[in-house]
Amino acid sequence: ISACLVGSEMCIRDSSYENWGGYNLLVKLNQRNPEVQNYICDVIRFWVSEFDIDGIRLDAADVLDFDFMRVLRHTADEVKKDFWLMGEVIHGDYSRWVNGQTLHSVTNYALHKALYSGHNDHNYFEIAHTVKYLQNMGDLDLYNFVDNHDVTRVASILTNEKHLPLIYALMFGMPGIPCVYYGSEWGAKGEKSQGDPALRACFDGPQTNGLTEWIAKLAEAKKHSNALNYGAFRSVVLTNRQCIFERAVDGERVLVAINAEEQPYTAHFDAGCGRAVDLITGQEHDFGGGSELPGYSAYFWKCER
């Protein structure tokens, strides 16, 4: 703000800058300006050289200039072979952002919504439809989550707490990169309606319970399975409250089986193999005579010859 004297009257001329969302601390930069691009790329180079970071998250990537993201991708490929660019995107065709020229991944809000409403509404068809919708976008490595710092924690949004282990099993079993929000691994609650502090609480220390141990087993299974990480998706059995789908790659096949109902369910299908081992528990499974799923259960059956 500057002042000037005109004749005998004082005038004040206001000079300011554009911001994002009305927040003056979030300055809008000209992303097509080479000096801006060089400055941001130098920031990436600094963090890699000084702290060896492996990637960055771009807030509100759906409003970023695509040419700017191409420059970032070029820098990412330059500083580290496997440097990761992940963007926050809510809606739209995710392949616009996730490709060989821009970002490596974006937040999978489409699956997030389907996962919790598919359980609350007893509608696994919604989840299957969403997976097909995402497959039509191409072979994308999307950032999967059941909650994060901007949405109600999953333990607060699910109407049946016994679905908590199942929603994580689905997330780890599906195509994409699973993410667990801090605190939610032991069932912490938080409502979006109570504001950001309720979603981003401070905890005295980590807790361990059955859910924590379950998620650890899911993560270990995912880590050591090429099929769960890279395999193609194929639906095998689908009802309102049960689903079995296959993940397969390079001769490895894993059948992810979920029963979201209290009553046992017996699935009859061609597994393509006689026996399997559950990657979560290590127990063997025989497909002969039908596969019984106890109430509220989940399995990662790896087919054996």
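Residues numbered from 1 in each chain as written. Predicted model: local features only at pLDDT ≥ 70, side-chain atom pairs only at ≥ 80, totals over all residues. Heavy atoms only, no water.

A. Local environment of the layout of surface pockets. Taken as a whole, the largest pocket holds about 650 Å³ of empty space. Along its surface, the largest pocket is lined by 21 residues, and Val 27, Leu 29, Gln 31, Asp 59 and Leu 64 are the ones closest to its centre. Mapped by element, the contributors of at least two residues to the lining of the largest pocket are β4 (23-27), α1 (34-51), β5 (55-58) and α2 (66-79). Element by element, the count of residues in the lining of the largest pocket is highest for α1, at 5 residues. (1 Å grid on protein atoms, 1.4 Å probe; cavity = no way out; pocket = protein on both sides within 12 Å on 5 of 7 lines; lining within 4 Å. Points joined across faces, edges and corners; volume = space filled by probe spheres on them. Helix = DSSP H or I, 4+ residues; strand = E, 2+ residues; numbered from the N terminus.)

B. Summary view of the side chain of Asn 19. Tracing the sequence through the fold places Asn 19 in strand β3 (residues 19-20). A polar contact of 3.1 Å, which involves the side chain of Asn 19, links it to the backbone nitrogen of Gly 22. Apart from residues no more than four positions distant in its own chain, Asn 19 is found in contact with Asn 24, Leu 26, Val 27 and Lys 28. (Polar contact = N/O pair within 3.5 Å; in protein donor to acceptor, adjacent residues only side chain to side chain. Contact = heavy atoms within 4.5 Å.)

C. Geometry of the pattern of salt bridges. One pass over the structure, following the stated rule, counts 18 salt bridges. Residue Lys 80 is joined to Asp 52 by a salt bridge in which the shortest nitrogen-to-oxygen separation is 2.7 Å. Here Lys 80, found in the loop between α2 and β6 (84-87), pairs with Asp 52, found in the loop between α1 and β5; they are 28 residues apart in sequence, far enough to count as distant. Lys 80 sits in the buried class, given a relative accessible area of 14%. For the salt bridge of Arg 73 with Asp 77, the shortest nitrogen-to-oxygen distance reads 3.4 Å. Residue Arg 73 and its partner Asp 77 are located together in helix α2, separated by 4 residues, close to a single helical turn. Taking relative accessible area as the criterion, Arg 73 reaches 11% and is therefore assigned buried. (Salt bridge = Lys/Arg side-chain N within 4 Å of Asp/Glu carboxyl O. Buried < 20%, exposed > 50% of the residue type's maximum accessible area, 1.4 Å probe, protein only.)

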